[in-house]
Amino acid sequence: MTERRYVDTLLRMTKSASSTELEVQVGSMPLSLDKELLASKSAKVAALLKENSNADLYYLLHDIPADSETFDLVARFCHGCAVQMSTENIVPLICLSFYLGMDENHCNNNLLSKAVTFFEQTVLPSWNEIIKALRSSEKSLQQTMQIGLFDACLQAMIAKASDNPRHLGEPIIVSTDKGDDSDRPNAKRRLFALDWQEDLTTLSLQLYEPIIYTMKQHEIPPTYISASIYRYAKKWIFHCNNGRETMSIYKRKSQRNVIETLEKLLPHGRELLPCTLLFEMLRCAINLEASSVCRKGFEIRIGKQLDQAKVKDLLILPQGYAKEVQYDIECIRRILKVFYSNYDSSDASGFISVAELMEEFLAEVACDMDLMIDSFISLAEMSMAAALGTKRNSDGIYRAIDIYFEKHAYLTEKEKEQVCKALDFRKMSPEACEHAAKNERLPVRAVVQVLFMAQLQMRETLARTAYYDDKSEKEEKEEDEGRMEMEKMSIKVKELEKDCREMKQEITNGCIRQRVNKGKVSLWSEMKRKFGCMTSMGDFHCPAKKKKEHPKCGIHHNS
């Protein structure tokens, strides 16, 4: 029904009821109502009629917060007709009836109490109905917040999200596969997804911002909040951005405000969003010329999980699209600095991933015919710095330099030497050195360095080989000698065990006798000899003395 038809309906209704009409301005439409009927339901109109003339009422009611459709519902109610309330019209209806003072203090069974009851019983219990009601409130947003309708909706939403955060939508998977698209929900969770529901991202930024801010305060899981924020950016910025040239100043300013607000709302933390999506938001902030605080916020989040990035993510155009600078090198440098200052040094895998990433990125941009030599050198130096402490060789950087020389054949010998300063020849593998020695694209000085380093590597290899050969022979000889000594000791131990058994047997039988026969030695002397305890002087022979025999054991003692 058009606004003209609403006007005709209202005029017919008011003319049939009374000849005294009250003209009011609803938006851009002038409408007429029976002032007595309206005053019977509206405390505001009744008070104005007492204090002002008819001519003044038109100006006093010029700020009615409603459209013609909502005012038509009020007119129907005043004339005793049924009012069809719905989720889409309930918030504007409450706002208008509150403005007109259509409460129970003025009249029983008035419109405000009926509308509030419908709102509490139909809208607040349902997530979907709340979202639809909030969308309809955007034209009267200020009054919606003033009278508490927004707070009521917000508290109901917080309770529902706390009970089940999937009301905000499924979280986005952080995929470890660099060839995979990470912007997709979890397949397992999709099987248990809620029924179709209204999405927060359909709301205006004025509504979305306080809702997300309050959810963060109530500790709704940040993975769900982050996913919702990215989808909001995707809906209101990425899909609406048709290019810098065609975008109006107003739209550009509006989108800049959106991306800066979303950055403030986005939780800080590793792996809340895939690195690729964070780079997408950073590029958007750069293109929209967002504040440095906004861009820095995205850089910090990216830096904390740079080991998950892809080569294409680093292809960032600088602000201003300057032709002489193809890639935002300083931005990449800041992101690397964040990564190394936040990453756990005990986990070497992340450092290796970033080193590989920088090498692949360097090889990728080396193919760019327009890439300036200073830019390439800066990126090569960053790649070398990223490889420090990872025990990686310089083969990847050498490969990128070779590609750059191939694509930029116009470089002079001096310029090539400047590029090669970023390469550590000491860390090149023998295979890379062999390739470089025959590479005609390299400057002569670089080839000489490669040959020198190859010669040093060969000498070190030969020295290590000789050292280990000598060491192996010596160790083998010592092992043989030790084995022989062990065998000799084993034989002695066995002989001693045999003698000990014989001695024990003699003691047991009490038959130990003196062994003084010629050509024979005592059992004890024999044992000492086998132990190796005999001196060169035999048994330290002393002058002969008279000996006494022990009466029991027959053991001789010196007298």
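If you check an unreviewed UniProt entry, the protein appears there as NPH3 domain-containing protein from Gossypium darwinii. Looking at the protein in UniProt, the text filed under Pathway (unreviewed entry) is "Protein modification; protein ubiquitination." One UniProt comment on the protein, placed under Sequence similarities (unreviewed entry), says "Belongs to the NPH3 family."

Colleague: What should I look at first to understand the pattern of salt bridges in this one?
Modeller: Any two side chains of opposite charge can pair, on the condition that their charged atoms come close. According to the stated counting rule, one finds 14 salt bridges in the structure shown. Two residues, Glu-129 and Lys-132, come together in a salt bridge whose shortest N-O distance is 3.1 Å. Of the two residues, Glu-129 and Lys-132 both sit in helix α8 (residues 127–136), three residues apart, roughly one turn of that helix. The buried category is assigned to Glu-129, whose relative accessible area is 19%. Three or more residues are tied together by salt bridges with common partners; here these are Arg-270, Glu-271 and Asp-307.

Colleague: Teacher, can you tell me more about empty space enclosed by the protein here?
Modeller: Space left empty within the atom packing is revealed by a probe, the size of a water molecule, rolled over the atoms. One pass over the structure, following the stated rule, counts two cavities of 30 Å³ or more. In this structure, the second largest cavity is lined by Ser-226, Leu-266, Pro-267, Gly-269, Leu-272, Leu-273, Leu-278, Arg-301 and Gln-305. Grouping the constituent residues of the lining of the second largest cavity by class yields five nonpolar, three polar and one charged.

Colleague: When you look at the packing of helix α13 (residues 222–238) against helix α15 (residues 275–287) in this model, what are you seeing that I'm missing?
Modeller: The description of two helices packed together rests on the angle between their axes and the distance between the axes. α15 packs onto α13 with a crossing angle of 40° between their chain directions and a minimal axis gap of 11 Å. It follows from the interaxial angle that α13 and α15 lie oblique. Here α13 runs over α15; the crossing is left-handed. Across from Ile-229, Tyr-230, Ala-233, Ile-237 and Phe-238 in α13, the residues of α15 making contact are Leu-277, Glu-280, Met-281 and Cys-284. Residues that form the contact of α13 with α15 fall into these classes: eight nonpolar, no polar and one charged.

Colleague: Just to check I follow, could you spell out unusual backbone geometry for this structure?
Modeller: Negative phi characterises most residues that are not glycine, and trans characterises most peptide bonds. Here the phi dihedral of Asn-109 falls at roughly 55°; this positive angle occurs in a residue that is not glycine. Positionally, Asn-109 belongs in the loop between α6 (87–99) and α7 (111–123). Its identity is not glycine, yet Lys-391 carries a phi of approximately 60°, on the positive side.

Colleague: Can you walk me through the packing of aromatic side chains in this structure?
Modeller: Geometry of an aromatic ring pair is reported as the spacing of the ring centres plus the angle between the planes. Summed over all chains, the structure comprises 10 aromatic pairs. Plain terms: the ring middles of Tyr-230 and Phe-238 are 6.0 Å apart, the flat faces sit at 50° to each other, and that makes the pair tilted. Each ring, one from Phe-339 and one from Phe-351, has its centre 5.8 Å from the other, and the planes form 70°; the classification is edge-to-face. Linking Phe-339 in helix α17 (residues 329–342) with Phe-351 in helix α18 (residues 348–366), this pair joins segments that are 12 residues apart in sequence.

About the cut-offs
Residues numbered from 1 in each chain as written. Predicted model: local features only at pLDDT ≥ 70, side-chain atom pairs only at ≥ 80, totals over all residues. Heavy atoms only, no water. UniProt positions renumbered as here; feature names shortened; annotations may be inferred. Salt bridge = Lys/Arg side-chain N within 4 Å of Asp/Glu carboxyl O. Helix = DSSP H or I, 4+ residues; strand = E, 2+ residues; numbered from the N terminus. Buried < 20%, exposed > 50% of the residue type's maximum accessible area, 1.4 Å probe, protein only. 1 Å grid on protein atoms, 1.4 Å probe; cavity = no way out; pocket = protein on both sides within 12 Å on 5 of 7 lines; lining within 4 Å. Points joined across faces, edges and corners; volume = space filled by probe spheres on them. Nonpolar A, V, L, I, M, F, W, Y, C, P; charged D, E, K, R; others polar. Axes fitted to C-alpha atoms, helices over the stretch in contact; angles between N-to-C directions. Parallel < 35°, antiparallel > 145°, perpendicular 65-115°, else oblique. Left-handed = near helix turned anticlockwise from the far one by under 90°. Contact = heavy atoms within 4.5 Å. Phe/Tyr/Trp six-rings, centres within 6.5 Å; stacked < 30°, edge-to-face > 60°.

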